[in-house]
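Summary of structural features
Each chain is listed here by its residues.
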Amino acid sequence: VDSPPFQIHSEADAGEGRLSLSGELDLATAPRVEQAAEELLAGGLHTLVLDLSDLRFIDSSGLRVVVILHRRAEDEGWRLSIVRPSEQVHRVFEISGLADRLNFIEDRRGL
Amino acid sequence: VSTQGAQMLELELERDGSAPARARAAVRARFAELEVDTTLSFTLALLVSELVSNAVLHSLGPPDAPIVLSASATRETISVSVTDAGKGFSPVARPADRAVGGFGLELLARTASRWGVDSYAPTRVWFELSRAA
């Protein structure tokens, strides 16, 4: 019943960055997302797409990273778009009262 | 707090960043046989992750003191407790500098049927989930 390892796919093209996460976002893996976002943002972005569609689990350590990015986007004037996760993962955002404050998008590139 | 019912799990976890993932894996493996529904199973893993993460980050006990995860089940209820070597706490005031990271207790309060914290040593946080929900 081991979970697949947590993975981050990171890319940027013409000012749009994309972080695609898969696996479980928690205390151990959240710092890797902060680090990857930091590296992308250092290049200067107008939009960061955070793709959570392959995320299998999130807890408050993961929520914290997303909220930090959200606040940073507001402060620095770039756009954070979050590709909607699975129903179970999205429910954690809803329970926390964050779902309405974040910019969730449905579309998934390539569809 | 009653923890009657079948003991499902008693696990000592080394206090490090991988403890939450190990705790979730152990709980998922152990509770698979109960065939709880997907939402309840996810909530169980979520709250276990919250309690163990909290113990890893905030225990005032010595770093080498293990975290003890204990779980039991009746037909109606799943009960979990997480104990560390801290001195207990009262879940009331939340320091402002933790505001961004303060979702853990909120998730616990909003999803558990019952929950509580012992305000004396050792720190023990517990919750119950209704299997009927």
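Cut-offs and rules
Residues numbered from 1 in each chain as written. Chains lettered and ligands numbered in written order. Predicted model: local features only at pLDDT ≥ 70, side-chain atom pairs only at ≥ 80, totals over all residues. Heavy atoms only, no water. Helix = DSSP H or I, 4+ residues; strand = E, 2+ residues; numbered from the N terminus. Buried < 20%, exposed > 50% of the residue type's maximum accessible area, 1.4 Å probe, protein only. Contact = heavy atoms within 4.5 Å. Areas by Shrake-Rupley, 256 points an atom, 1.4 Å probe, with all protein chains shown as cover. Right-handed = clockwise from strand over helix to strand, strands pointing away. Pairing = 2+ DSSP bridges. Buried area = accessible area lost by both parts, 1.4 Å probe. Salt bridge = Lys/Arg side-chain N within 4 Å of Asp/Glu carboxyl O. Axes fitted to C-alpha atoms, helices over the stretch in contact; angles between N-to-C directions.

Of the regular secondary structure elements, chain B holds three helices and five strands. For chain B, the α and β elements follow one another from N to C terminus as β-α-α-β-β-α-β-β. Of all 133 residues assigned to chain B, the portion counted as buried reaches 49%. Look at the contacts in chain B between residues 6 or more apart in sequence, and 69% of them connect residues 24 or more apart. When the accessible surface of chain B is split by element, carbon and sulfur atoms take 52% of a total near 6,500 Å².

Relative to the helices and strands, Gln88(A) is located in helix H3 (residues 87-95). Apart from residues no more than four positions distant in its own chain, Gln88(A) is found in contact with Thr38(B), Thr39(B) and Phe42(B).

The side chains of a regular strand alternate, first on one face of the sheet and then on the other. Residue and element names in this part refer to chain A. Judged by how many residues are buried, strand S4 (residues 79-83) sits mostly within the fold: four of five residues are covered. In this fold, strand S3 (residues 47-58) hands off to helix H2 (residues 60-76), which returns the chain to S4; that crossover is right-handed. Direction of pairing for S4 relative to strand S5 (residues 104-105): parallel, over a ladder of two bridges. Counterpart to Ile82 in the pairing with S5 is Phe104.

Before going further, it helps to examine the interface of chain A and chain B. Each partner contributes residues to the interface: chain A has 25 residues there, and chain B has 26 residues. Buried area between chain A and chain B, both sides added, is near 2,100 Å², and the carbon and sulfur share of it is 64%. Summed over the three residues of chain A that lose the most area to chain B, namely Leu27(A), Gln88(A) and Ile95(A), the buried surface amounts to 28% of that side. Seen at the junction of chain A and chain B, the total is three salt bridges. In this structure, Arg28(B) and Glu24(A) form a salt bridge, with 2.9 Å as the shortest nitrogen-oxygen distance.

So, about the sheet that holds S5(A). Residues and elements named next belong to chain A. If you trace the five strands from one edge of the open sheet to the other, you get S1-S2-S3-S4-S5, paired in mixed fashion. Of all the strands in the sheet, just strand S1 (7-13) and S5 have a single pairing partner and so form its edges. Relative to S3, strand S2 (residues 16-25) runs parallel, the two sharing nine bridges. Opposite Leu25, over in S3, you have Ile58 as the bridge partner. Across the sheet, helix H1 (residues 30-41) is in contact with S1, S2 and S3; its angle to S2 comes to roughly 170°.

Right, let's talk about the pattern of salt bridges for a bit. Going through the model one piece at a time under the given rule, you end up with 12 salt bridges over all chains. Note that Arg22(B) and Asp16(B) form a salt bridge whose closest N and O atoms lie 2.8 Å from each other. Through salt bridges with shared partners, a single network forms among Glu24(A), Asp26(A), Arg24(B) and Arg28(B).

Attention now goes to the side chain of His70(A). Residue placement: His70(A) occurs in helix H2. Once residues lying within four places of it in the same chain are set aside, the contact partners of His70(A) are Leu80(A), Arg101(A) and Leu102(A).

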